[in-house]
Amino acid sequence: MRVRWRVLGCALALAVTGPPRPAAAQNSVDLAKARQVLEYYQTCERTRRFAPCWTLLSKRVQRDWAQQGRGTVAEYAEARAAGARYSDFRVLQIRRSPARVVFVVEATRGEGNDPARDRVEYALLREGDQWRIDGRRVGQSETAP
């Protein structure tokens, strides 16, 4: 008799609350915060001024730059400024998981009548309550953000 009451109690609980659901990756506020960090970083790519973006990088990425001998803001900014210059960005897709957001972007490189377009993926990681740039892929190549 007790087993029947337990089963009935579980069934009622499921009927009231619904079946268990996986945890939501991010709500719209979280996604907006991640997108804002991406837009700040893209401003650095447009202007070729990367010093302000050092604080947007994840601790892992900052550590990777330090291991390459470019662990200061000035060294990072100089190295990144030597790369490709993007003038325009268009988000094509957003992939989410509980601690990460990946923005798939079409980035326009070059100017004039014949600009080139690259598919760039930016991985953002939540560190505490802040979103940080944790990875960047241009085409099939993984590159340091």
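How each quantity is defined
Residues numbered from 1 in each chain as written. Predicted model: local features only at pLDDT ≥ 70, side-chain atom pairs only at ≥ 80, totals over all residues. Heavy atoms only, no water. Disulfide = S-S within 2.5 Å. Buried < 20%, exposed > 50% of the residue type's maximum accessible area, 1.4 Å probe, protein only. Salt bridge = Lys/Arg side-chain N within 4 Å of Asp/Glu carboxyl O. Helix = DSSP H or I, 4+ residues; strand = E, 2+ residues; numbered from the N terminus. Pairing = 2+ DSSP bridges. Contact = heavy atoms within 4.5 Å. Core = buried A, V, L, I, M, F, W, Y, C linked by side-chain atoms within 4.5 Å.

K.L.:
Is there a simple way to explain the state of the cysteines in this structure?
P.N.:
A covalent bond between the sulfur atoms of two cysteines is referred to as a disulfide. With the rule as written, the count across this model stands at 1 disulfide. There is a disulfide in this structure between C44 and C53, and the S-S distance comes to 1.9 Å. Disulfide C44-C53: the torsion about the S-S bond is 90°, which places it as right-handed. Like C53, C44 is buried.

K.L.:
For this particular structure, what's the right way to read the pattern of salt bridges?
P.N.:
Where charged atoms from two side chains of opposite charge come close, those side chains can pair. All chains considered together, the criterion is met by 12 salt bridges. For the salt bridge of R35 with E39, the shortest nitrogen-to-oxygen distance reads 3.4 Å. With a gap of 4 residues between them, R35 and E39 both fall in helix α2 (residues 28-47), about one helical turn apart. Using a relative accessible area of 40% as the deciding quantity, one classes E39 as partly exposed. In the salt-bridge network here, residues are joined through shared partners; they are R60, D64, R100 and D134.

K.L.:
Help me out: how do you make sense of the pairing of strand β2 (residues 100-109) in this one?
P.N.:
As a general feature of sheets, a regular strand has side chains that alternate between the two faces. Of all 10 residues in β2, 7 are buried; the element is thus mostly enclosed. Alignment of strand β1 (residues 86-96) against β2, held across 9 bridges, turns out to be antiparallel. Opposite R90, over in β2, you have E106 as the bridge partner. The antiparallel hairpin formed by β1 and β2 contains 3 residues in its connecting segment.

K.L.:
Help me understand the environment of V73, please; the structure alone is not making it clear to me.
P.N.:
Residue position: V73 is located in helix α4 (residues 73-81). Residue class for V73 comes out partly exposed when judged on its relative accessible area of 34%. C-alpha of V73 to C-alpha of P52: the two residues are 21 residues apart in sequence and 8.4 Å apart in space. Beyond its immediate chain neighbours, meaning those up to four positions away, V73 contacts A51 and W54.

K.L.:
Is there a simple way to think about the environment of S97 in this case?
P.N.:
As for its placement among the helices and strands, S97 is situated in the loop between β1 and β2. In the structure, S97 is positioned 28 residues away from L125 in sequence and 9.7 Å away in space, judged by C-alpha atoms.

K.L.:
Can you walk me through the nonpolar core in this structure?
P.N.:
Generally speaking, soluble globular proteins have nonpolar side chains that are buried together. Counting 27 residues, the largest nonpolar core has Y41, L57, Y76, F103, Y122, L124 and I133 as the members making the most contacts within it. Put simply, the parts of the chain that give this core at least two residues each are α2, α3 (59-67), α4, β1, β2, β3 (116-127) and β4 (130-138). Take this core: its biggest share by element is 6 residues, from α2. Those residues in contact with F103 that sit more than four places away from it in its chain are L31, A34, R35, L38, V91, Q93, I94, V120, E121, Y122 and L124.

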